[in-house]
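Remarks on the overall topology
For reference, the chains in residue letters:
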Amino acid sequence: HCPDDDMHKNYWNFVTEAEIQTLDSSELVSTSCPSWTDDNGKIKAVSSYASWIEVFADNIENIKKQLLDLLKDLRAEGKSIAGYGASVGVTTLLYHFELSNLLDFMVDDNPVRHNLYTPGHHIPVLPSQAIYDRNPDYVLILAWRYADPIMNKHQAYLAQGGHFILPLPDIK
């Protein structure tokens, strides 16, 4: 069972079912195969770990395609895009989603990462103050699990006309 708080809200819950089906959120669920809650509050369950992997992989590839389409359209319009977050998990996301050529720079709140470059892609990593100094049109929050605190911390960026993009668990 996963905690019901902002930091853990996107983790998987697990259920046992013979076939893929929809359950009411209020129904008792056991814990052996992955499930998730859809936009209507229904719990979606898969019948086996193998089918869950396929569902998960398809979902990630769909998000990747949608995100790349969005970012390429924004770049075609001449918009600037920064990435927020420079952790090892973000590096994995950069590689899998093929984002390196679409980002002007990265920002991170951890001073240890400032004035360095992302591994392999060599995108500069700056303090988060850079979103005010450089004023990108969009900031892609790659540290998506921390999106709420990041957006709350940077309300002034929004007030200046900036926009945040959240890639996971769904593009917003």
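Before reading further, recall that the structure is shown in the block above.
Residues numbered from 1 in each chain as written. Predicted model: local features only at pLDDT ≥ 70, side-chain atom pairs only at ≥ 80, totals over all residues. Heavy atoms only, no water.

1. Concerning the pairing of strand 9 (residues 138-141)
Residues Tyr138 and Leu140 of strand 9 are buried on one face, and the alternating residues Val139 and Ile141, pointing to the opposite face, are buried as well. Both strand 5 (residues 81-84) and strand 9 contribute to a ladder of 4 bridges, which runs parallel. By the bridge assignment for strand 9, Ile81 is matched with Tyr138. Here 3 bridges tie strand 9 to strand 10 (residues 163-165), and the two strands are oriented parallel to one another. Bridge pairing in strand 10 links Leu140 to Ile165. (Buried < 20%, exposed > 50% of the residue type's maximum accessible area, 1.4 Å probe, protein only. Helix = DSSP H or I, 4+ residues; strand = E, 2+ residues; numbered from the N terminus. Pairing = 2+ DSSP bridges.)

2. Some details on the pattern of salt bridges
Evaluation of the coordinates by the stated rule reveals 5 salt bridges. Residue Asp69 is joined to Lys65 by a salt bridge in which the shortest nitrogen-to-oxygen separation is 2.8 Å. Remark: Lys65 and Asp69 occur in helix 1 (residues 49-76); sequence separation between them is 4 residues, near one turn of the helix. Residue Asp69 is classed as partly exposed on the basis of its relative accessible area of 36%. Residue class for Lys65 comes out exposed when judged on its relative accessible area of 53%. A salt bridge links Asp109 to Lys153; its shortest N-O distance comes to 3.2 Å. Here Lys153 lies in helix 4 (residues 147-153) and Asp109 lies in the loop between strand 6 (105-108) and strand 7 (116-117), a separation of 44 residues in the sequence. Residue class for Asp109 comes out partly exposed when judged on its relative accessible area of 35%. (Salt bridge = Lys/Arg side-chain N within 4 Å of Asp/Glu carboxyl O.)

3. A few points about the sheet that holds strand 8 (residues 124-127)
What holds strands together in a sheet is hydrogen bonding between their backbones, with the strands either parallel or antiparallel. Taken together, the 6 strands give an open sheet; going across it, the order is 7-8-6-5-9-10, and neighbouring strands pair in mixed fashion. One side of each edge strand has no neighbouring strand; the edge strands of this open sheet are strand 7 and strand 10.

4. Looking at unusual backbone geometry
A positive phi angle, close to 60 degrees, is found at Asn115, a residue other than glycine. As for its placement among the helices and strands, Asn115 is situated in the loop between strand 6 and strand 7. Of note in the backbone geometry, Asn135 takes a positive phi value of approximately 45 degrees without being a glycine. Structurally, Asn135 is set in the loop between helix 3 (130-133) and strand 9.

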